[in-house]
Amino acid sequence: MLYLSGLDMQRLMRRHHITILTLSRRMGIPMTRVRFRRQYGIEDRHVARDWLEAIAGTDPGPLHGTVQLE
């Protein structure tokens, strides 16, 4: 199951005006990895959440089914 498809990632990057270079610098990863993920998507929901945060610039909130400790 894909949690973030490549097409969805491309749409989000366009919506938030984030280039491959910008995302690469924000996440500290090579541009080739960003291009790979834009093509094939992300299957791990925790990793997808990190990518969403890097693209949008804000915390997307807790994952469904997780327990928050106070």
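Up top you'll find the structure we're talking about.
Conventions and cut-offs
Residues numbered from 1 in each chain as written. Predicted model: local features only at pLDDT ≥ 70, side-chain atom pairs only at ≥ 80, totals over all residues. Heavy atoms only, no water. Helix = DSSP H or I, 4+ residues; strand = E, 2+ residues; numbered from the N terminus. Buried < 20%, exposed > 50% of the residue type's maximum accessible area, 1.4 Å probe, protein only. Contact = heavy atoms within 4.5 Å. Areas by Shrake-Rupley, 256 points an atom, 1.4 Å probe, with all protein chains shown as cover. Axes fitted to C-alpha atoms, helices over the stretch in contact; angles between N-to-C directions. Parallel < 35°, antiparallel > 145°, perpendicular 65-115°, else oblique. Nonpolar A, V, L, I, M, F, W, Y, C, P; charged D, E, K, R; others polar.

Colleague: Account for the overall build of the protein chain, with residues named and values stated.
Modeller: Across its full length, the protein chain carries four helices and zero strands. Mapped from its N terminus to its C terminus, the protein chain presents α and β elements in the order α-α-α-α. For the protein chain, buried positions account for 30% of its 70 residues. In the protein chain, the share of contacts with a sequence separation of at least 24, taken over all contacts with a separation of at least 6, comes to 57%. Carbon and sulfur atoms form 51% of the exposed surface of the protein chain, whose accessible area is close to 5,300 Å².

Colleague: Residue-level account of the packing of helix α1 (residues 6-15) against helix α4 (residues 45-56), with values.
Modeller: Put simply, α1 and α4 touch, their axes get as near as 9 Å, and they point 25 degrees apart. Taken as axis vectors, α1 and α4 run roughly parallel relative to one another. Every residue of α4 that contacts α1 at Met9, Leu12 and Met13 is listed here: Trp51, Leu52 and Ile55. The residue inventory of the contact of α1 with α4, partitioned by class, reads six nonpolar, no polar and no charged.

Colleague: Go over unusual backbone geometry with me, naming the residues and quoting the values.
Modeller: With the exception of glycine, most residues fall at negative phi, and the peptide bonds are largely trans. Phi angles above zero are rare outside glycine, and His17 is one such case at about 55 degrees. Inspection of the secondary structure assignment puts His17 in the loop between α1 and α2 (20-27).

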